[in-house]
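# Examining the three-dimensional arrangement
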Amino acid sequence: MALKLALPAGQLARPTDELLRRAGLIVRGYTDGSRSYRPRLSGRRGVLLRVFREKDIPIQIALGNYDLGICGLAWLKELLTRYPSEAVVQLRALPLGPSSLYVAAASDSGLTSLDSLAGVPGLRLVSEYPNLTEAFALSARLPAYRVFAVSGAAEAYPPEDADLAVVAAGSEEEVREQGLRPLCRLLVGSPWLIGHRRSLEGKDLSTVLGPLMALEGGRQREDGLELPAGLAAPPGSPLATERPSTTVRLALPDGHQQPSAAAILRAAGLSCEGYDEQGWVRRPRSSLEGLDLKVIRPQDMPQQVALGNFDLVVSGRDCLMEHLLQFPSSPVEEVVDLGGGQFDLSAVVSEDMPADSLAEAVELWRRQGLKAIRVASEFPAIADHYARQNHFWRYQLIPISGASEGFVPEDADVLIEGVQTGRTLAENKLKTIDRFLHSTSCLIASKRRPPPGRAKLLSQLIERFRQAGSPPPTADR
Amino acid sequence: MVEESPRCRGMRDLLPADMARFRRVEEVFRTACLAWGYQEVRTPTIEHLHLFTAAGTLSPQMLGRVYSFLDWDGWSGERVVLRPDATIPTARLFVERLQQEKLAKLFYIQNVFRFAEGDEPREGWQCGVELVGDTQPRGEVELILLACQTLERLGLGPVEVRLFHPGIVRSVLAEAGLERADQVRVYDRILDGDPTALAEVEERLPSLGAPLRLLFEGEGAGSAYLANLGSAFQKAVPQIAGPLEELATLVDTLSALGCRCQVAAALVGSFEYYTGPVFQFVADGERAGGGGRYDGLIALVGGPDVAACGFALDVAKLARLLPSAEEAIPWQEAVCVKPSSDRADVVVAAFGAIGPLQQLGLRTEVALVRDAPSACRWEVTVKPSAGGIGYSLYDRSKKRRRAFAKLDDLLAALEATGGGS
């Protein structure tokens, strides 16, 4: 049986590639601009490589889908803090640059040190690392705190939309450069080589394990977590979080939705300094008086509207559906279909699968005696809903954070994925068997009545977007 | 990796025999509580997480094992939990609904959920009692007697009551100059058997005459032992006198009432939670439950500064420890009614006989499966006869069969032979 090694995509890819090279492991098709998620190891037989988002690697190792993997300590601890798994073995810290997680507040807030958090009820914490953030809050004994998991841009939230952010940074100075004040370091450590316990117990991994373990440097303790002691203090008053009643707050998307959102803003006659087709800053400025702008991830926007932090957001219908399927009573709705960024959420399987519809695929899996259908998706609530609606008998939901096309067929049976032209699917030998939700950019607002001082500007803005947008949305199938 | 069993890991099915033992524990506990003037309550399975996170409620170790999640309306970011403990929800219930009571005597039988590795149980059942009000020291005495009575009525006596007072450890660690949070950490290290922890504390207490090992590792049988501890440590740790005195009063009272007491200074891990005497009940050499005084808890969950204490017994453990005699279900005093065919009037007559038989106080069953064996002492066969429906009664214990034309005659005969109460 082949040795399966999971390699990180993103920022860690190039240093990892160089490290493997130093260990004599030459990888083709990893960091040379290839769109494939399956690079190859030169001159070594029986080794399968697969590129994942770093966050997904500890999960794949814990599941036993891969024997060995390389990922940052923060993502490893993010999994193990919440789900202590004996299946994941930390083999060695690798001689790659260490990184840290810091708990930080806005530099102009009253939260100046860890001790200043003592007894403050209702603190709002935001992070891409919700499990580590939760561990911090529990350890510090913060009273009645709330943790918001975001898919990125945590540093943009304080002070208006969160009191504390747990962010990754190389140093305290880097945290300050993001406009935040570091209160304490929560974790520090280099990336790790990790393995699946059963693979270590019964499978010869020496082809890869030997050279990597022989590398010099990088030894360190397994834990890198620096959880604080309990902050004992009687419950005090919550922080004031009231926002001005006359300002309308609009969130704009970063990432691939940004160019189309910038075009929509222009069509709506809203000029924004720091947000156009060429680029963006976290806090663009609007020429319209009373309009406050911030750039965050589109996936996190519906919840921000529900919380009352933003009045309007430009996001995708897929993100709204994901939010509403997770929280059906959330007071958010689509108010304008903006038309841009069109794609279909679809069920995707291997090209080799002899099935052209979902019904045929389900029947085939049943005939093959599959114990559980493995459903991978960046939209876990939508995927879960889809599996229930379509009577998958027993299924295993694998939430993933990206690089999704590489999951099928080895690590998942079906992918719930946004499909635009289908070109990427074809390149990865995949095909669509069901298109079930047409998604476009849309303007999302709260169902609640706005305060009187905000209502007029809000309705004016919605009208501008309506005129700039395109026809009403296609209904969910 | 998909689990082979369709049952969730750490979850248990209770089979009929298990349920009989489970109900026996519940029944004895409930009867005892009602007799002592306690009233039953039940709290929801799902509670807000923040109820359990404040300092002084659940320990960080316990918090790391709770089942917490965002509810369907959890977009506000507030997490909820499957109840990991029954005392804190009962304290919340008191604060929300019963605050006006000067004294609340409450009991419950509830499940709690805590993650455990492997196939260790993740759902437990507790028989618990909470006594809210200024009751020290009589409250502890009543709770301990109630728990001992329950265990003894279950046939699990003699019960040993192990006593501890967190104030003993706290006063030593405070005298050593440790802040509250550091006290918890050092105490955890001592409980974990870290030999350097005691040495570090001793270093901070130069006037200490006796080694701390004496306090943390020793055990004694009563107030004499407590007096000895006082003599050994009171000079270096004057604050130790109060907790020792509280324990001595309790031990003296309980001993005079016939309880077997044992005092151990280092007994519980989560000493952050308790403010006064802590007790454990040991039956058949196994820890069957425990409790103590937690005077800060009601205020911590948002209520007034009211004292409280309580205990909980582990139902699953007690059910397992029950003497084997409890396992036998008295099926032999039951009646099995057998319709001789599926003809409608025969089936109607068979089911029609069940009510009158139950009114005699008999356990009944209808033979739903033909020729299935039955453990019942009596067997009533219902069959067609010249007059419509006839009955025959077979007594297995006497191997005797009698025929009856009317059900009333059969009932009278059964009553005459001692069938029914």
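Basis of the calculations
Residues numbered from 1 in each chain as written. Chains lettered and ligands numbered in written order. Predicted model: local features only at pLDDT ≥ 70, side-chain atom pairs only at ≥ 80, totals over all residues. Helix = DSSP H or I, 4+ residues; strand = E, 2+ residues; numbered from the N terminus. Rg over C-alpha atoms; globule rule 2.2 N^0.38 Å. Contact = placed C-beta atoms within 7 Å. Core = buried A, V, L, I, M, F, W, Y, C linked by C-beta atoms within 7 Å. Buried ≥ 20, exposed ≤ 12 C-beta atoms within 10 Å, placed from the backbone. Domains from an automatic or database assignment. Nonpolar A, V, L, I, M, F, W, Y, C, P; charged D, E, K, R; others polar. Axes fitted to C-alpha atoms, helices over the stretch in contact; angles between N-to-C directions. Parallel < 35°, antiparallel > 145°, perpendicular 65-115°, else oblique. Left-handed = near helix turned anticlockwise from the far one by under 90°.

### What about the overall build of chain A?
When you go through chain A residue by residue, the secondary structure sums to 14 helices and 24 strands. Against the compact-globule benchmark of 23 Å for 477 residues, chain A has a radius of gyration of 24 Å, which places it among compact chains. For chain A, the proportion of contacts with a sequence separation of at least 24, taken over those separated by at least 6, is 73%.

### Overview of the nonpolar core
Residues Ala104, Leu125, Ala165, Val166, Val167 and Val375 of chain A together with Val172 of chain B are the most contacted members of the largest nonpolar core, which totals 234 residues. Filtering out sequence-adjacent residues up to four positions away, Val172 of chain B remains in contact with Val201, Leu212, Leu215, Val237 and Ile240 of chain B.

### Things to note about the domain arrangement of chain A
All names here are of chain A. Under the domain assignment, chain A is made up of domain 1 (3–96 + 190–214), domain 2 (99–188), domain 3 (248–342 + 440–468) and domain 4 (343–439). Between the C-alpha centres of domain 2 and domain 3 the distance comes to 25 Å. With 7 residues of domain 2 at the contact, the number on the domain 3 side is 10 residues.

### Quick word on helix H4 (residues 87–98) of chain B
Along H4 of chain B, the residues classified as buried are Thr87, Ile88, Pro89, Thr90, Ala91, Arg92 and Phe94 of chain B. Buried residues in H4 of chain B make contact with strand E2 (46–48), helix H2 (50–53), strand E5 (104–113), strand E6 (123–132), helix H12 (297–300) and strand E12 (308–314) of chain B.

### Comments concerning the interface of chain B and chain A
One frequently used descriptor of interface size is the decrease in accessible area upon assembly of the parts. Every contact between the two is made by 17 residues of chain B and, on the other side, 23 residues of chain A. When contributions to the side of chain B that touches chain A are tallied by element, the ones reaching two or more residues are H2, helix H3 (60–63) and helix H7 (180–191) of chain B. Residue composition of the side of chain B that touches chain A, grouped by class: 9 nonpolar, 5 polar and 3 charged.

### Quick look at the domain arrangement of chain B
Examined at the domain level, chain B breaks down into domain 1 (16–325) and domain 2 (331–416). Placing a centre on the C-alpha atoms of domain 1 of chain B and another on those of domain 2 of chain B gives a separation of 53 Å.

### Observations concerning the packing of helix H5 (residues 138–153) of chain B against helix H11 (residues 241–256) of chain B
Residue and element names in this part refer to chain B. As a packed pair, H5 and H11 sit with axes 10 Å apart at the nearest point and diverge in direction by 40°. By the criterion of interaxial angle, the relationship of H5 to H11 is oblique. In the crossing of H5 with H11, the sense of the turn from one axis to the other is right-handed. For the pair H5 and H11, contact is made by Glu140, Val141 and Ile144 and by Leu250, Thr253 and Leu254, respectively. When grouped by side-chain class, the residues that make up the contact of H5 with H11 number 4 nonpolar, 1 polar and 1 charged.

### Quick word on unusual backbone geometry
Between Pro158 of chain A and Pro159 of chain A the backbone carries a cis peptide bond, its omega angle lying at 0°. Phi angles above zero are rare outside glycine, and Lys429 of chain A is one such case at about 60°. Tracing the backbone shows Lys429 of chain A in the loop between helix H13 (423–427) and strand E23 (430–439). A count of 12 C-beta atoms within 10 Å places Lys429 of chain A in the exposed class. At Lys399 of chain B, a residue that is not glycine, the phi angle is positive and equals roughly 50°.

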